[in-house]
Amino acid sequence: MREKDIQYLDKEQLYELQLSRFKRTIERLFTSSPFYSKLWKKSGISPDKIKSLQDIRRFPFTSREDLRRNFPFGLLTLPLEKVVRVHTSTGTTGKPKAIFFSKRDINEAARLIARSMKMTGAKRGDVFQNMMSYGLFTGGLIFHYGAERLGVLVIPAGAGNTERQIELMQDFKTTIVHITPSYALYLADVLEERGVDPKNDLDLRIFYLGAEPYSEETRDKIEKIYGVDAFNSYGLSEMNGPGVAFECKRKDGMHVWEDNFILEIIDPLTGENLPDGEEGELVLSTINREAMPIIRYRTGDITYVYPEKCRCGRTHRRISRIKGRVDDMFIIRGVNVFPSEVERIIMNFPEVARNYQIILERESSLEVMRVKVEIKKRFFDGSIEHLRSLQERIKNKIKSELMVTPKVELIEPGTLPRTTGKSRRVIDNRKL
Ligand code: AMP
Ligand code: ZN
């Protein structure tokens, strides 16, 4: 089927396509995935009982923990000879989550990116600077392959090195940028310092903003500063990375590519399905993946489905801007961090007392994670050299394990507020 036709299938055709792909995925998993076949047999589910898409509700959820516990190969369903890539997801306790791709999986993921880019007006002749980190993170390579598939000129710039980013934009006359919203704001400050007017001195016309939650106000701000159309791009490593849901030119919710994913919204507490329009946790299933299909994955992301069809005419349903996460995880500079991980790291230092606090701030639009750590009295009153080296060691340990460089403050025991109930470990002072 042609790309364009898939996006405009009528509701019934899209449903039939989903149902047949869903059945095929489940049948394959029953024979090739020890993880799922065991789980499903326990719940009394068999593939021949699937009559409608509603039947997906009988399947148990797959959690982040399932992926971690079965790291690295537990959910892989193909022999290694057929697997060509692995990506991992950041911000995990202990082991990360590994996601495998066959050649076909890479092609299909690229197809979704190419489709999304084209939908927003990208075309051959455009110069695309991918300012997401290349490597294990999907935002670099997955997007890269999609952009090449569309046929734009790709600059694999990666994240960071702001001076060089600016130089690349000027030299190659970049028209499209893929970037996190926080980096876009920081970059704007640096451009201003250099006396470069992003609106008039550069050739930018489209921004893709994703990888972390941000507000409509931030989008507006970025559009005004750069004089571009900025589109919201949503994805997660477990579901290929970017290209799961993307805004069309209407910029009114993100189309979830339903020919590849089955979309559900559940009540995060009860697990019950919620109707369109009601806010809850997004649950996704892959129905077009070979190496590592995942069924009913709890994304942890809070959103709702738009009940009405988009005015652009595409039938794939839209989700709202992600409101935040179900759990207490936070995202800083595009990296996922759980407070419990910070805790685990700092508590390994014998000098550290019991209390700590994480404060998230913005310093000239760059996000900063400040970690206040209470130090045992005798160490706190000890040598200043020792305290300095301790501060440095804590900083480096967090940096190497979580990939975020924190500002570490050592404080006297008893300084932080105490409570007998739940303590507030994270204070988020970042204004979106
Ligand atoms: P990762 O697997 O490391 O790529 O992280 C995926 C997570 O990043 C998602 O589950 C979301 O919480 C967050 N995320 C990605 N894109 C967006 C977006 N456009 N808006 C809000 N959050 C996003
Ligand atoms: Zn639309």
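For clarity, every value in this text was computed on a predicted model and none was experimentally measured.

A. View of the overall build of the protein chain. When helices and strands are tallied, the protein chain shows twelve helices and 20 strands. The C-alpha atoms of the protein chain give 23 Å as radius of gyration, which agrees with the globular expectation for 432 residues (22 Å, within 12%). Dimensions of the protein chain along its principal axes, counting C-alpha atoms only, are 70 × 60 × 45 Å. Residue burial in the protein chain is summarised as follows: out of 432 residues, 55% are buried. Sequence-distant contacts, at least 24 apart, represent 66% of the contacts inside the protein chain between residues at least 6 apart. For the protein chain, the accessible surface area stands at approximately 19600 Å², while carbon and sulfur atoms represent 50% of it. Charge-centre separation for the protein chain: the mean point of 72 positive side chains lies 3 Å from the mean point of 61 negative side chains.

B. Just the coordination of the zinc ion (ligand 2), in detail. Distances from the zinc ion (ligand 2) to its protein donors, Cys248 (SG), His255 (NE2), Cys310 (SG) and Cys312 (SG), fall at 2.1 to 2.3 Å. In this structure, the zinc ion (ligand 2) is coordinated by four donor atoms arranged in tetrahedral fashion, with angles at the metal of 102 to 118°. Sequence spacing of the donors to the zinc ion (ligand 2): C-x6-H-x54-C-x1-C. Here the residue Cys248 occupies a position in the loop between β8 (241–247) and β9 (254–256), and Cys312 occupies one in the loop between β12 (297–303) and β13 (318–319), the gap between them amounting to 64 residues.

C. Here's a closer look at the domain arrangement of the protein chain. The domains assigned to the protein chain are domain 1 (1–326) and domain 2 (330–428). A straight line from the C-alpha centre of domain 1 to that of domain 2 covers 32 Å. Tallying the contact residues gives 14 residues for domain 1 and 15 residues for domain 2. Interface of domain 1 and domain 2: buried area, both sides summed, is about 1200 Å²; carbon and sulfur atoms make up 56% of it.

D. Expanded view of the packing of aromatic side chains. Applying the stated criterion across every chain, the model contains 14 aromatic pairs. Seen from their ring centres, Phe30 and Trp40 are 5.4 Å apart, and the 45° between their planes marks the pair as tilted. Here Phe30 is found in helix α2 (residues 11–32), whereas its partner Trp40 is found in helix α3 (residues 34–42), with ten residues between them in sequence. When its relative accessible area of 15% is taken as the criterion, Phe30 is described as buried. Both rings, one in Phe143 and one in Tyr208, keep their centres 5.7 Å apart while their planes meet at 35°; by these two values the pair is tilted. In this pair, Phe143 sits in helix α6 (residues 138–150) while Tyr208 sits in strand β6 (residues 206–210), placing the two residues 65 residues apart along the sequence.

E. Region of interest: the site of ligand 1. Of all residues adjacent to ligand 1, which total 19 residues, the nearest are Asn232, Ser233, Ser237, Asp301 and Arg325. Measuring from a nitrogen atom of ligand 1, one finds a side-chain N or O atom of Asn232 at 2.9 Å. Measuring from a nitrogen atom of ligand 1, one finds a backbone N or O atom of Ser233 at 2.7 Å. Within the complex, the protein chains bury 96% of what would otherwise be the 500 Å² of accessible surface of ligand 1. Here the shell around ligand 1 takes five residues from strand β7 (residues 229–236), the largest share from any one element. When the residues that make up the shell around ligand 1 are grouped by side-chain class, the tally is seven nonpolar, eight polar and four charged.

F. Just the sheet that holds strand β5 (residues 176–179), in detail. Spatially, eight strands are ordered β4-β3-β5-β6-β7-β8-β9-β13 in an open sheet, and the strand pairing comes out mixed. The open sheet has two edge strands with one neighbour each: β4 (153–155) and β13. Bridge count for β6 against β7 is five bridges, and the pairing is parallel. Bridging from a neighbouring strand, Phe207 pairs with Ala230 of β7. Contacts from helix α5 (residues 103–119) reach β3 (127–130), β6, β8 and β9 within the one sheet, and its direction differs from that of β8 by about 30°.

G. Looking closely at the packing of α5 against α6. Where α5 meets α6, the axes come as close as 7 Å, and the angle between the chain directions of the two elements is 65°. By the angle between their axes, α5 is roughly perpendicular relative to α6. In terms of crossing hand, the pair formed by α5 and α6 is right-handed. Facing Ile106, Asn107, Ala109, Ala110, Arg111, Ile113, Ala114, Met117 and Lys118 of α5, the residues of α6 in contact are Ile142, Phe143, Tyr145, Gly146, Ala147, Arg149 and Leu150. When the residues that make up the contact of α5 with α6 are grouped by side-chain class, the tally is eleven nonpolar, two polar and three charged.

Calculation criteria
- Residues numbered from 1 in each chain as written.
- Chains lettered and ligands numbered in written order.
- Predicted model: local features only at pLDDT ≥ 70, side-chain atom pairs only at ≥ 80, totals over all residues.
- Heavy atoms only, no water.
- Helix = DSSP H or I, 4+ residues; strand = E, 2+ residues; numbered from the N terminus.
- Rg over C-alpha atoms; globule rule 2.2 N^0.38 Å.
- Buried < 20%, exposed > 50% of the residue type's maximum accessible area, 1.4 Å probe, protein only.
- Contact = heavy atoms within 4.5 Å.
- Areas by Shrake-Rupley, 256 points an atom, 1.4 Å probe, with all protein chains shown as cover.
- Lys, Arg positive; Asp, Glu negative; His and termini not counted.
- Charge placed at Lys NZ, Arg CZ, Asp CG, Glu CD.
- Donors = N, O, S within 2.8 Å, 3.2 Å for Na, K, Ca; no water.
- Tetrahedral: all angles 85-135°; square planar, octahedral: opposite > 155°, others 65-115°.
- Domains from an automatic or database assignment.
- Buried area = accessible area lost by both parts, 1.4 Å probe.
- Phe/Tyr/Trp six-rings, centres within 6.5 Å; stacked < 30°, edge-to-face > 60°.
- Near = heavy atom within 4 Å.
- Polar contact = N/O pair within 3.5 Å; in protein donor to acceptor, adjacent residues only side chain to side chain.
- Nonpolar A, V, L, I, M, F, W, Y, C, P; charged D, E, K, R; others polar.
- Pairing = 2+ DSSP bridges.
- Axes fitted to C-alpha atoms, helices over the stretch in contact; angles between N-to-C directions.
- Parallel < 35°, antiparallel > 145°, perpendicular 65-115°, else oblique.
- Left-handed = near helix turned anticlockwise from the far one by under 90°.

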